[in-house]
Structures are given as structure tokens and as C-alpha cells.
Amino acid sequence: MPLPSLRRRASDAVELMDDPDCDPDKLDSTYANFRFVNAVVSGWRGMYRREIRPALSPTRESTLLDVGCGGGDVARALARWAARDGLRLRITAVDPDARAHAYATSLPPLPGLTFRRALSSDLVAEGLRFDFVVSNHVLHHLTGEQLGGLLADSELLVAPGSLLASGRRPAARVLHADIERSRFAYLGFGLGTWPLFRRSFIRDDGLTSIRRSFTAPELRAVVPPGWQVTREHPSRLVLRWKAPAASSGPGRAVLAAADAAASVSVPVESDPRNGHSRPERDLSSQSGGPVPVRTTDVIVVGGGPVGILLAGLLAVRGVDVEVLEQRAEPSLRSRAIGIHPPSLRALEQLGVAGQVLDRAVRIRGGVVRSDGRTLGRMSFAPSADRTQSVISLPQTETEAVLRARFAELAPGRLRAGVTVTGVYDRGDRVAVDTVRTAGEAVETLEARYVVAADGARSLVRDLLGIRSAARTGGETYLMSDYPDTGEHPGEAVLFFERGGVVESFPLPGGRRRWVAMTEALLTEATSEDLAALIRDRTGVRLPPTDAVASAFSVQQRLAARLVAGRVVLIGDAAHQISPIGGQGMNLGWLDALQLAPALDRALREPDAAASVLGDYDRRRRRSARMAARQAGFNMAMGGPVQGLRLRARNGLVRMLAVPPASAVLARAFTMRWL
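Residues numbered from 1 in each chain as written. Predicted model: local features only at pLDDT ≥ 70, side-chain atom pairs only at ≥ 80, totals over all residues. Heavy atoms only, no water.

(A) Summary view of the side chain of Arg512. Along the chain, the position of Arg512 falls in strand E22 (residues 511–518). On the basis of relative accessible area, Arg512 is assigned to the buried category, the value being 3%. Among the polar contacts listed, one links the side chain of Arg512 to the backbone oxygen of Glu491, at a separation of 2.7 Å. (Helix = DSSP H or I, 4+ residues; strand = E, 2+ residues; numbered from the N terminus. Buried < 20%, exposed > 50% of the residue type's maximum accessible area, 1.4 Å probe, protein only. Polar contact = N/O pair within 3.5 Å; in protein donor to acceptor, adjacent residues only side chain to side chain.)

This is how it looks when you write it as C-alpha cells:
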């Protein structure tokens, strides 16, 4: 397939379906097939989940306008998704093209969805307002004046920015999605559609659309202040605008008056494919100019043990860093307890390794048992250097030490009770929309880099549209803490039993953590239930405890990329690893150990930023894959087995417990190769 020059926009290229005399059967086939193409390339499913659904309500009706809707496939998809989620969303979809309107209205109606043959300026003239204004693959059809007209109409069509049904503002109120012109887009679309859609204009017009499309820098250069352009995979651009808070002051009234005056004083011929007819206008002089926002070097989203460690390591280097944490108070959950030697190096750099070691208990080695017999032992080599130890300390205590140290290094820079609602990469900095958990007004912060350390359900990762692919998982466990009976001082114990693994680890204060694999997620189980399961499976009788049992399921996931422009993923936001083996928190700390110097250099040497962050991405993804394989091995070894498989597993454990295999295994379990 010949590749045309893509250095400049082919703004004069004409699509076949824009010909009024084009084959009507092919046109209808094109409209029908848009839903398949857009499902792959347009990204609306993710934008609905991240930016529209959180603002919807099952009781209060929200409204959405789809401009230039064509055959209506995006509007219909949004209506179906909202209905399936039990949310009230009324959608108006407009297009001035009579053929598109005829096709859209020929399909079976959907509740809450209305199609109109209209321009966006018609709706402005009617005084209509919507909670959301969206468009799909419209921008590349527009001239400069037409683009300005659409954006001006969009601002006027959005209802004043009061809190929506959910009690929070959406990250953006206007979402215009389009293709980005690139070789990847042209070749990928050309090859992907070559054997398909032969009786439609999909392939030919799609390639023409890519030639007519903007690149991100081109679009940023022509949009007015307040509009944000982001690049999203694969080869997509999203143009966003968020309405300011509702106000009775003159600002919005002046803008509205200026828009209205311009709309009647500068007539522009409408383009039937564009969905609007208003010219571009520069209102920056009337708006008073942008309000200056203080720019921080790095914003870390997430104040858990990984995020706060990274922030501390950056602060030690003199980096201006701020932490945003959604929780108003630190978590009292202590799932992570094991700290390995590489992580102690990170704590040493922060100056808190001594405090952590003083609070922790040292794990000298491990023993594997089955049917009341010892299969093997593994020793973690003793060392005079305490940072070469494997230690155990509840996560709550570790986090308290880290927070206290960060407060010394950067007083007041940990902001608790703050939720991030939007992240926008502006090329030379990143804007972060935040709202107080209590529902206070939105505040926009800016940083040269943003780090997402906001956990396995990372909102920042979702806002960026980064996929997090599941690798393995589904196993379920139950855990609780009990008084230590003293049978295995300083040792971790693994019981490889027929019904599934039981694990036991020493804790400070004369206690032990017990974890057992279960057949299902036992969310209602108590510590007494767990003690009974352990007694039945291993014969060990545990003392009574006042601790609360916790059930959890294992998920192993890896983000498709860890670096997206000036935003970096770390910890569980980047990779979710089974906690069996104690790798999760430690892997996140090793991320921080490598990311801190990388960000420091990227800030000092902007020309080297892409290289050092790319190296972080490659190295940490490789380490995460290795950790996932090791965790998968751990879980497979601990699964329930019977008969010949049980004997084979026990034989393998005996082999691994003797040199030289035992030394390699000890190195793996202490994460020295990650």
C-alpha cells in the first residue's frame, strides 16, 4: 500500500461519502459499519467509564449532546451503556446531513435518545444547555473558522458547572474525539480494513480522514485558551473543556454576550458535514487572561507506602514534590508485612531504615511442611549488615514511619482527603484537577511530572486510557493475626497440604500472620473460622485472637505502559502482583528506587527525559513480569493436590531445599534479582 506524505494536513481532500450523488447503498453500509470501526478506534467505551459515568445518577437525569452524530452509532452506544448501568441519561444527537439523519432515525428507537437534523448554532440560538457535549471524528472536517465556531458553541451549550448528581464534577464537560494523523494510523487502518468493508466507503474515506486529521501539536496551536489536547492510544486525539463553576459574576455573561454578538455580525456558510456554522473568535482579551497556577516539580497521586516513599526519595534530592491522597486518614489495614533487602536499601536512602529495623522482627529463614513432616528448610544468610535482612513489620507501622519522614523533608506537602478527577498532559507540564473528598470546589494543580501511585484501581491510569491486562489470578485466601505459639521462632512456615497452602509469618510483639488458601472468597469468615480451617488442614491449634479476619482474591495485572508523556505509573497502578511471597509492596518500592533518580535527571536535563523514563518503563516492566512468574509459581505450588501430584510436588520441594537450588531459591524469595 503506497504511503502518501503525511507531513501536512490534506485539508482539501474530499471524502467519497460527502458527495451528494454517492452510491446510497454504499453510504448506508458505511453508516452501518461505523459502529464496528468506532468500537475499535474511537475509545468511547473508556471515556464513558472514566469521564461520563461517574457523573451520572440512577435518580437524577443528566443530558448529553452528540454533535455531528452521522449514523448515530456513538450516541446509541452511550445510551445502551447508561441504560445497562441503571443510570439516567438523555441524549440529543444532531447532524445537518439529511442522509445521516434519515439513516439514524430508521433504526429501532432507544429510550432517552433523540435525533435531530440541526447545527450546534441552532441549539445555541434555542438557549439549550447540556451536562455534556461530545463529538466523534468531526474535527478533521473543519476549517479554522469552523473549528472555532464549534468550540465556541460547545462552551455555550454546556450547563453552568454546578456539581452533578454524583456530588463531583466530571473531569471534562466537553469531549471532542478525533483521529491523529500518523504513519501508524494510516498503515494500521489500511492493513486492518483491507479485506473488509468492500461494499462501503469505510476504507477509502478512513484513509482520507487520517490525511485530513490534525497532529497533537497542530491542534494545540489552533484551539483557544482553556481547551486541552491529549493523545490517546491508538492514534487518537481528545479535545477537552471543563465548564467553570456557576457564577452570577460578569465573566461568563461577557463571554456569552461576545459570542452572541460575533454569531450575528460574522455570517459563515455552514458545512453540512460539520454540525456547526459559527466562526472562530479570540476572546482572551475579554476573559482577563489565564489565572497563574503554581507549578510543582512532581505531583504524586497516592499517599500509600509506595507513593510516600517515592515522594521522600525525591524530597531528599531537593525535588519540589507534593502528594495527593484520597484518604482523609491513613489506612489501618496491614496486608503487606514482608520487607526484603533491596527495599531496605530504599529505606536507607530515605534515612529511616534504622527505625523500621528497630520496630520489625527478623525472618531468619523458612520451613516447608506437609502431612506433619518437614520437606525442607531455606536459610536467609546471616549478615552483620542489618539492611541485608528479611524483616516483618505491619504496613501501617511502615507507612507511619514514611509519613513522619516526609513531613520532616517537605512540611505540609502531603494533602489528605483530595480526589483527582482529571489529568491533562499539556506538553511541558501536566494539569491535575482535584476536589476535596468532602465535595469542596475543584482546584487545578500543575506539575512538570505526575506519578500515579494510586493503587490497583488507579483512576489516573484509567483517565490516561492505559490498559491493564490480566495475566493470572482468581485464587482466594483468608488471613488473620494470632498470638505466636513459639514453635518456629524467626521462621516463615509453609504448609503444603492437600486442601491448599497455609502460610505463617512472625510479626513484632509476639504475634504471627496466618494465611490460608480457600475454595471461594469468604468475606463473612471470622478469625475463629480461619483457625478451624488451619486446625483441620495442618493440625496446628491457634490461640484466640481479637484480630479481624480478612478475605482477599489474587489478581495479577500489568499495565500496557508505565510512562505516558509526563505521567508515570508506579506500584500497584503499574502492576498488581500476588501478595503470596511478599512481593507487591516491595516491587513498588523498587519502582520508587529507580524512578526517583530518573525523575531527578529528567527535571535537570529535559533532553534526556525520554531516554531515562523509557529505560524505567522497560526495566520495571521486565521486573514485574519476573515477579509475576515467581508469584504464579508460588501459587501453583500451594494449590490443592492429591495422590501422585502431591508426591511429585513434595519431591520437587525436597530437591529445591538442598544446595545449589536452595541458594537460588533464597535469592528469588528475597527479590535480589528484581
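(B) Representation of the packing of aromatic side chains. Applying the stated criterion to the full structure yields 4 aromatic pairs. Their ring planes at 20 degrees and their centres at 5.9 Å tell us that Phe495 and Trp514 sit as a pair that is stacked. With Phe495 in strand E20 (residues 491–497) and Trp514 in strand E22, this residue pair connects regions lying 19 residues apart in the sequence. By relative accessible area, Trp514 is classed as buried at 5%. In this structure, Arg9 is placed above the aromatic ring of Phe214, and the distance from its NZ or CZ to the ring centre is 4.0 Å. Directly above the aromatic system of Tyr449 lies the positively charged group of Arg566, at a separation of 4.8 Å from the ring centroid. (Phe/Tyr/Trp six-rings, centres within 6.5 Å; stacked < 30°, edge-to-face > 60°. Lys NZ or Arg CZ within 6 Å of the ring centre and 35° of its normal.)

(C) Local environment of the pattern of salt bridges. All chains considered together, the criterion is met by 37 salt bridges. Residue Glu399 pairs with Arg403 through a salt bridge whose shortest N-O separation is 3.5 Å. Note that Glu399 and Arg403 are positioned in helix H15 (residues 395–409) at a spacing of 4 residues, about one turn of the helix. Judged by relative accessible area, which is 16%, Arg403 ranks as buried. Ionic pairing is found between Asp546 and Arg511, a salt bridge with its closest N-O pair at 3.8 Å. Residue Asp546 is found in the loop between helix H17 (527–538) and strand E23 (550–559), and its partner Arg511 is found in strand E22; the two are separated by 35 residues along the sequence. If you follow the salt bridges from partner to partner, you end up with Arg50, Glu51, Glu232, Arg236 and Arg240 in one network. (Salt bridge = Lys/Arg side-chain N within 4 Å of Asp/Glu carboxyl O.)

(D) Structural view of helix H18 (residues 584–604). For H18, built from 21 residues, the straight-helix expectation of 30 Å at 1.5 Å per residue is met to within 8% by its first-to-last C-alpha distance of 31 Å. Taking the largest bend as the criterion, H18 deviates by roughly 30 degrees, centred on Leu595, and proline Pro597 comes between one and four positions later. In terms of burial, H18 is largely enclosed, as 17 of its 21 residues are buried. (Expected span 1.5 Å × (residues − 1). Bend = angle between axes of the 7 residues up to and from the residue.)

From the geometry alone we can't say anything about function, so treat these as descriptive.
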